[in-house]
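As a plain string of letters, each chain reads:
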Amino acid sequence: KVQEIDMAAAGTSGPLEGPASQTSAPMAAAAPKTAAETAILGDILLNFGLSGFSNMAAAAVTNPIDVLKVKLQLDKTNNSMMQRVTNLVRDEGAAGLFTRGLPASLMREGVYGTIRLGAYDQIKSQLDHVGIPALSEGSALGKVVAAGTAGGGGGAIWSPPHR
């Protein structure tokens, strides 16, 4: 069938001759996926993409709180939170709340958060096929196992063990 498709695309009607005919077997292995497989892959990629985007958006929105938290932890003067915010804005400008640490937060969430949240649904649906009723998709244990596996996998990829 692949050879017929290639012939139709090339505008020929007879069998291919020469080196092109010898490549028909490897081309059969690389045949296009079915529409259903392509749709499933598209759904998975969309799920991972939206997971990454939502994690990164949340990190960007909450970054000023993280900056303030770190500044308060490092502050030796025992200033109140409002005094520290006032000092931070005066010394570094309002942009200091949003820009300090933001690249690191976005990178962390772009990798770890994307894997963790994107893989959760896939793992949860695969656990349903295992055949153990306690791990079915709707069970609490299945959700805990899926969350732990997704979080552990994301953590292992984001921060592999060092020697």
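Residues numbered from 1 in each chain as written. Predicted model: local features only at pLDDT ≥ 70, side-chain atom pairs only at ≥ 80, totals over all residues. Heavy atoms only, no water.

## Observations regarding the nonpolar core
The criterion, for reference: What is meant by a nonpolar core is a set of buried Ala, Val, Leu, Ile, Met, Phe, Trp, Tyr and Cys residues, joined one to another through side-chain atoms within 4.5 Å. Only protein chains enter the calculation, and the probe is 1.4 Å; a residue is then buried if its accessible area is under 20% of its type maximum, exposed if over 50%, and partly exposed in between. A run of DSSP states H or I qualifies as a helix once it reaches four residues; a run of E qualifies as a strand once it reaches two. Both are numbered from the N-terminal end. By the convention used here, residues are in contact when the closest approach between their heavy atoms is within 4.5 Å.
Membership of the largest hydrophobic core is limited to 6 residues, which are Ala119, Tyr120, Leu127, Leu135, Ala146 and Ala150. Listed by contribution, the elements that provide at least two residues to this core are α7 (102-128) and α8 (140-158). Here this core gets 3 residues from one element, more than from any other, and that element is α7. Other than its neighbours up to four places away in sequence, Leu127 contacts Leu135, Gly142, Val145 and Ala146.

## Section: the packing of helix α4 (residues 35-74) against helix α5 (residues 81-92)
Operational definition: In this analysis an axis means a line fitted to C-alpha atoms, helices contributing only their contacting stretch, and an angle means the value between N-to-C directions, from 0 to 180 degrees. Angular relationships are summarised with four words: roughly parallel below 35 degrees, roughly antiparallel beyond 145, roughly perpendicular across 65 to 115, and oblique for the angles in between.
α5 packs onto α4 with a crossing angle of 105° between their chain directions and a minimal axis gap of 10 Å. As far as their axial angle goes, α5 and α4 are roughly perpendicular. Facing Val67, Leu68, Lys71 and Leu72 of α4, the residues of α5 in contact are Met81, Arg84, Val85, Leu88 and Glu92.

## What about the side chain of Asn47?
Our working definition: By the criterion applied in these results, polar contacts are pairs of N or O atoms within 3.5 Å in which, for protein atoms, one can donate a hydrogen and the other can accept it, and in which residues neighboring in sequence qualify only through two side-chain atoms.
Here Asn47 lies in helix α4. Only 3.4 Å separates the side chain of Asn47 from the backbone oxygen of Gly118, close enough to count as a polar contact. Those residues in contact with Asn47 that sit more than four places away from it in its chain are Gly118, Asp121 and Gln122.

## Topic: the environment of Gly154
One can find Gly154 in helix α8. Along the primary structure Gly154 and Gly118 are separated by 36 residues, whereas in three dimensions their C-alpha atoms are 9.7 Å apart. Among residues more than four places away in sequence, those in contact with Gly154 are Tyr112 and Ile115.

## Side note on the environment of Thr99
Summarising the element assignment, Thr99 is placed in helix α6 (residues 95-99). The class of Thr99 is partly exposed, set by a relative accessible area of 49%.

## Topic: the confidence of the model for the chain
A low pLDDT means the predicted coordinates there should not be read in detail. Put simply, the test is: Confidence per residue, as judged by the predictor, is encoded in pLDDT with a range of 0 to 100.
Summing up the model confidence of the chain, the mean pLDDT is 76 and the portion of residues at 70 or higher is 77%. Looking at the elements of the chain, mean pLDDT is at its lowest for helix α1 (residues 2-10), recorded as 43, and at its highest for α4, recorded as 87.

## Considering the environment of Gly138
Mapped onto the elements of the fold, Gly138 is located in the loop between α7 and α8. Distance in space between the C-alpha atoms of Gly138 and Asp128 is 8.6 Å, their sequence separation being 10 residues.

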